[in-house]
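Per-entry structural report
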Amino acid sequence: MSDLLRPEALFASIDYNPPKTDWMDVPVEIKPGRYCYAANPDSVNYLGLPHAHKWNPLEDDWGLPENWQEIIFNGIRERLHKYRSFKIFMDICVRCGACADKCHYFIGSGDPKNMPVLRAELLRSVYRGEFTTFGKIFGRFAGGRKLTSEVLKEWWYYFFQCSECRRCSVFCPYGIDTAEITIMGRELLNLLGLNIDWIATPVANCYRTGNHLGIQPHAFFDMLDFFCDDIEDITGIRPEPSFNKKGADILFITPSGDVFADPGTYTCMGYLILFEYLKREYGLDVTWSTYASEGGNFGFFTSHETMKRLNSKMYMEAERLGAKWILGGECGHMWRVIHQYMDTLNGPDFQAAHMETPVNPITGTVFKNAASTKMVHIAEFTADLIKNGKLNLNKKRNANVHLTWHDSCNPARGMGLLDEPRYVIKHVVDKFTEMPQGTIREQTFCCGGGAGLNAGENDELRMMGGLPRANAVKYVHEKYGVNMLGCVCAIDRAVLPNSMEYWVPEVDVCGLHELVGNALVFPGEQERETDLRGEDLPGEDG
Amino acid sequence: MKALYSLFLVFALAAIALVGAGALGMEHVFGLYIPFLAVAVFVVGFCLKVVGWGRSAVPFCIPTTCGQQESLPWIKQNSIDNPSTTGGVVMRMILEVLLFRSLFRNTKVDLHKGTRVTYGSSKWLWLGALAFHYAFLVIVIRHMRFFAEPVPGLISGIETLDSILQIGAPTLYLTDLVFVAAVTYLFLRRVVVPQIRYISQVQDYFPLFLILGIAFTGIFMRYFVKSDIISVKELTMGLVTFSWVIPEGIGVLFYIHLFLVSVLLMYFPLSKLMHMGGVFLSPTRNMNCASRKFRHINPWKFENVQYHTYPEYEDEFREKMVETGLPVDKPLEEGAE
Amino acid sequence: MKLENFFADHHKYLCSQWTEAIIKTYPEEGGKFFSSTSSQFSNPVGHTFRSNIERIVLAVAKGTDVAACTQDLDEILRIRAVQGFSPAVALGFIPALRNIVSQHIIEKCPAETHVALLGDLNILVDQLVLLGFDLYMQCRELLWRQKANQLYSRTHKLLERANLLQGEEAAE
């Protein structure tokens, strides 16, 4: 009987309470639900990436090449030379801990190795132990350690638990960016063929068919045709988008997630409606491309070189079609790549001479901020149209929406796109409430699935990582009745619906241009009975 | 444990100086050779490290943008946290280096009594770090009086300000108090906050103890075991004018102080203390954020990059494209062979 | 004395002990972080544990039905269900309440009341365990459903959009 009074004793045997050891002595334990499956060797091979092989993270033997340490060392040496960021970030961290509680994965999981500083120390300790004289002599005393296969597994496990959202780098007094370290770590792992399938296969697809999902040109066309059918049903107006049209003024590229997965599809319908409206009213000449049918770039999560290879298609296609500039859809890391990498990576090689500083042909606004890259974000484009009174918008069509805005990580911290979407929101939605400060704008929380981590198998990681964001949504939902979470990122639109369904089931997820598409009124269009989701519109008095 | 190691190490260093300069009478070694060597190691090491960083390329423009970008003219840009001009970048760096702006961001959002959202600050780290670095700076400047004759007005001015409270004789320097308090705070948070303790290494405790050791020996010399300032200045002036002398009557405490400073100088370029130089070179802070406006050039090239061109793509999918009515560059017959 | 009154009198102690029992299932540094600040937005896990435990204890002290604790318990278990614990560990903090309360009863209450109080306690804890089990399973089922849906919608949509399901649609 007395045993029954001691449930604690009963559970003591399964208590997860590790010994008080130094983190370097805590062996990595690869837990299901927190990692993504190993890459399919066919995808790795298709891309010609090194050491494609079949392996399983749960097995002891990862099928590493004999000289794997040498490969890693050479890789580190090369990168220290090529990237000042990497070299400086290896040297100057003082472990002040300002970043420690800033990572959404740490906040959600409590796993100490998810503190940004420690995630970086995983690599830094090897740098000190193998590359600095001081570290080689004093070893552990100098914070150094040797590269063993255990350490390598730890790298793999934790570098694929970072969504490269850069939130920690906002708070670091030296601007140390864990994303940068994760990128290097993943590049090194990639040298040994240790990629994850959720990244490698989309990259291979994108390389071949132009988009991550491997949608072939005819299917891509069919999908957009489907949306046009739906739009016709709802609005009575059938958009006639152009594809691969030579001589179009503007090439439009959006993440393929928008074409494929709900609720991104509604955003995609929003683009179609907007372009059709502008074509009919002002003769805007925009074309979609099936060859460059992916805005996102999972190559970024593989290596800088792979990013370059995928990104090159945008400029190549603009050249082939003779487009003056490129308009980009709503996407997160796509915009980090476009804003901070594209022009450097591919501008000199592939940007056609005929491309011009983007000018909005309708308003005459010159997008000077995109003078060199020649690519404009659709939120910038739409905000400019609204400012110049070029759109006839009826907010009442969104009257059933009480919106809050999730600043997607990469447009926020790798670009600074903060007020353009808010300006658009102000003109398409009546009820808008911000989440608490410290969870929005440059301090925004990741959705939990960035950087290629939105696979099905790591759902627990995503849910834990999504908690800080969901928690802030929950607050505005409970306090102000918010029922819709808007965002400008295709990964957000893939990850947040599940996260919301789990944490705050009453809140839905949408993109910016879904709201625009709902609000936009064509001259003489039929009375809409539903929104783009096919849900009944509230009465005009709302 | 790591803290104890470090403490022990600093005691050991002090003991070396105590025995060396005291019992063994090696004042020359501890008063002249080691300090001189230390300065040389510091200067050379610091420069090598910075040059080493400088020799690594900055291939991409990767600043962390912490505010609204420059876009449409009527959208208010945050020109400091997301600068698009050199002036903006300079301002950002000044705020970062002089005021530790990023640490200042460390706010905690909270609900006051479950109803009102409040933005309480967790600015202690910022305050502690700022106090520590500025007190250190003032102390270093004050010490310059040992290396200049006559003492420049600026230095004596700072000294006067620092002792403005006129407590005790010799008058108490405010920075001494602030400095010891700040170092103690920085040490305590490493021991008390569990996350910080977990990430702390010997390398984090050691410089703190070393600096604390330097502070204590200095304070003792000034306020308690008064050292012969005239002789000390004779020695330090000798060091900078290369007319090396060891005056009589300098207490052993001074040699301990000097030895610990020498160790700090030598340790500096090998350690995280190099953040002093690194903060200026950090690409996520010191670059112009308007990277779509100005092309950043990568100094190195990717070699043998494979691309998937449009003609290759069309060759693979031409039939399907034609069937769907998508335009193609080459007609079907020609490509289908 | 009734169990409610005992909870009302000792709610502070019970809350802190019970929260502690949850925190103990995490690695030390993470656990300390969860128990460190009260901030709702920078530490949602710790905040939820602390405030919801408190509400549950107060609800018991008021003598309300266990069903009234559903939402509070749900919010805790929703977090526990995605943190990689085995079901026993994820739910273990609920039966842990039995030990915390019974020891305290034995210490603080006269011996003649023990049997009645402990009897009520057993019922309470059993109810909470069963409720928790339901809630935990709902969370896990939702996660699995999402996984299944993801696969379904991916393949189904691709087929549908590639016009391979026309026959099926025509049949509908």
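Preceding this paragraph is the structure being described.
Residues numbered from 1 in each chain as written. Chains lettered and ligands numbered in written order. Predicted model: local features only at pLDDT ≥ 70, side-chain atom pairs only at ≥ 80, totals over all residues. Heavy atoms only, no water.

All names here are of chain A. A cluster of acidic residues, Glu59, Asp60, Asp61 and Glu150, forms a negative patch at the surface. Secondary-structure assignment places Asp60 in the loop between α2 (41–46) and α3 (68–82). Given the relative accessible area of 70%, Asp60 is considered exposed. (Patch = residues over 30% accessible without salt bridge, like charges linked within 9 Å, V, L, I, M, F, W, Y side chains within 5 Å. Areas by Shrake-Rupley, 256 points an atom, 1.4 Å probe, with all protein chains shown as cover. Salt bridge = Lys/Arg side-chain N within 4 Å of Asp/Glu carboxyl O. Lys, Arg positive; Asp, Glu negative; His and termini not counted. Charge placed at Lys NZ, Arg CZ, Asp CG, Glu CD. Helix = DSSP H or I, 4+ residues; strand = E, 2+ residues; numbered from the N terminus. Buried < 20%, exposed > 50% of the residue type's maximum accessible area, 1.4 Å probe, protein only.)

Attention now moves to the interface of chain A and chain B. Contact residues are listed per partner, giving 119 residues for chain A and 92 residues for chain B. With both sides pooled, the region where chain A packs onto chain B buries about 8700 Å², and carbon together with sulfur makes up 58% of that total. Between chain A and chain B we count 8 salt bridges in total. For Glu316 of chain B, the salt bridge goes to Arg208 of chain A, with nearest N and O atoms at 2.5 Å. Per element, the largest residue contribution to the side of chain A that touches chain B is 14 residues, and it comes from helix α16 (residues 333–350) of chain A. Of the residues that constitute the side of chain A that touches chain B, the class distribution is 54 nonpolar, 30 polar and 35 charged. (Contact = heavy atoms within 4.5 Å. Buried area = accessible area lost by both parts, 1.4 Å probe. Nonpolar A, V, L, I, M, F, W, Y, C, P; charged D, E, K, R; others polar.)

Residues and elements named next belong to chain A. Strand order in the open sheet formed by 4 strands is β7-β6-β8-β9, with parallel pairing between adjacent strands. Only two strands of the sheet have a single neighbouring strand rather than two, namely β7 (431–432) and β9 (508–511). Summarising the sheet, strand β6 (residues 402–406) and strand β8 (residues 484–487) pair through 4 bridges and their orientation is parallel. Looking at the pairing, Trp405 lines up with Gly486 of β8. Across the sheet, helix α22 (residues 512–519) lies against β6, β8 and β9, angled at about 80° from β9, the strand it touches most. (Pairing = 2+ DSSP bridges. Axes fitted to C-alpha atoms, helices over the stretch in contact; angles between N-to-C directions.)

Turning our eyes to something else, we now look at unusual backbone geometry. Residue and element names in this part refer to chain A. Note the cis peptide between Asp262 and Pro263, where omega equals 0°. Mapped onto the elements of the fold, Pro263 is located in the loop between α13 (257–260) and α14 (264–282). One non-glycine residue, Arg166, lies in the positive phi region at around 70°. Its place among the elements puts Arg166 in the loop between α8 (149–159) and α9 (167–171). Arg166 sits in the buried class, given a relative accessible area of 1%. With a phi angle near 55°, Ala451 is a residue other than glycine that sits in the positive phi range. Take Ala451: it is sitting in the loop between β7 and α20 (459–480).

Further remarks concern empty space enclosed by the protein. Residue and element names in this part refer to chain A. Per the counting criterion, the structure on display carries 10 cavities of 30 Å³ or more. One number sums up the size of the largest cavity: a volume of about 160 Å³. At 4 residues, the largest contribution of residues to the lining of the largest cavity is made by helix α6 (residues 116–131). Residue composition of the lining of the largest cavity, grouped by class: 13 nonpolar, 2 polar and 2 charged. (1 Å grid on protein atoms, 1.4 Å probe; cavity = no way out; pocket = protein on both sides within 12 Å on 5 of 7 lines; lining within 4 Å. Points joined across faces, edges and corners; volume = space filled by probe spheres on them.)

Here the focus is the pairing of strand β2 (residues 250–253) of chain A. Residues and elements named next belong to chain A. Here β2 shows a buried face lined by Ile250 and Phe252 and a second buried face lined by Leu251 and Ile253. Where β2 meets strand β4 (residues 325–328), 4 bridges bridge the pair, whose relative direction is parallel. Directly across from Phe252, in β4, lies its bridge partner Leu327.

Our next topic: the interface of chain A and chain C. On the chain C side, the residues contacting the 48 residues of chain A number 48 residues. Of the roughly 4500 Å² buried between chain A and chain C on both sides combined, carbon and sulfur atoms contribute 59%. Remark: the boundary between chain A and chain C carries 4 salt bridges. In this structure, the salt-bridge partner of Asp459 of chain A is Lys147 of chain C, at a minimum N-O distance of 3.6 Å. Taken together, chain A and chain C are joined by 8 residue pairs in polar contact (both at pLDDT 80 or more). When contributions to the side of chain A that touches chain C are tallied by element, the ones reaching two or more residues are α1 (7–12), α5 (104–109), α12 (217–235), α13, α20 and α21 (490–503) of chain A. Ranked by the residues each element gives to the side of chain A that touches chain C, the list is headed by α20 of chain A, at 11 residues. When grouped by side-chain class, the residues that make up the side of chain A that touches chain C number 26 nonpolar, 9 polar and 13 charged. (Polar contact = N/O pair within 3.5 Å; in protein donor to acceptor, adjacent residues only side chain to side chain.)

Right, let's talk about the packing of aromatic side chains for a bit. Inspection of every chain in the model, using the stated rule, returns 54 aromatic pairs over all chains. Centre to centre, the rings of Tyr502 of chain A and Trp503 of chain A are 4.9 Å apart; their planes meet at 90°, and the pair counts as edge-to-face. Trp503 of chain A sits in the buried class, given a relative accessible area of 9%. We note Lys82 of chain A situated over the ring of Trp300 of chain B; from NZ or CZ to the ring centre the distance is 4.3 Å. (Phe/Tyr/Trp six-rings, centres within 6.5 Å; stacked < 30°, edge-to-face > 60°. Lys NZ or Arg CZ within 6 Å of the ring centre and 35° of its normal.)

The next subject is the sheet that holds β4 of chain A. All names here are of chain A. Within the open sheet, the 5 strands sit side by side as β1-β3-β2-β4-β5. Their pairing is parallel. For this open sheet the edge positions go to β1 (242–243) and β5 (375–377), each flanked by a neighbour on one side alone. Sheet topology places β4 next to β5; 3 bridges connect them, and they run parallel. Among the inter-strand pairings, Gly328 is bridged to a residue of β5, identified as His377. Relative to strand β3 (residues 286–288), α14 is tilted by about 150°, and along the sheet it contacts β2, β3 and β4.

Next up on the list: the nonpolar core. With 232 residues, the main nonpolar core has Trp155 and Trp156 of chain A together with Phe7 and Trp18 of chain C as its most contacted residues. Once residues within four sequence positions are removed from consideration, Trp156 of chain A is found in contact with Ile30, Tyr35, Cys36, Trp55, Pro57, Trp62, Leu189, Leu194, Asn195 and Ile196 of chain A. If you look at the next biggest cluster of nonpolar residues, it comprises 87 residues, including Leu251, Ala323, Ile362 and Cys510 of chain A. (Core = buried A, V, L, I, M, F, W, Y, C linked by side-chain atoms within 4.5 Å.)

So, about the side chain of Asp407 of chain A. All names here are of chain A. Mapped onto the elements of the fold, Asp407 is located in the loop between β6 and α18 (409–413). Among the residues examined, Asp407 registers a relative accessible area of 2% and is labelled buried. There is a polar contact of 2.7 Å between the side chain of Asp407 and the side chain of Arg422.

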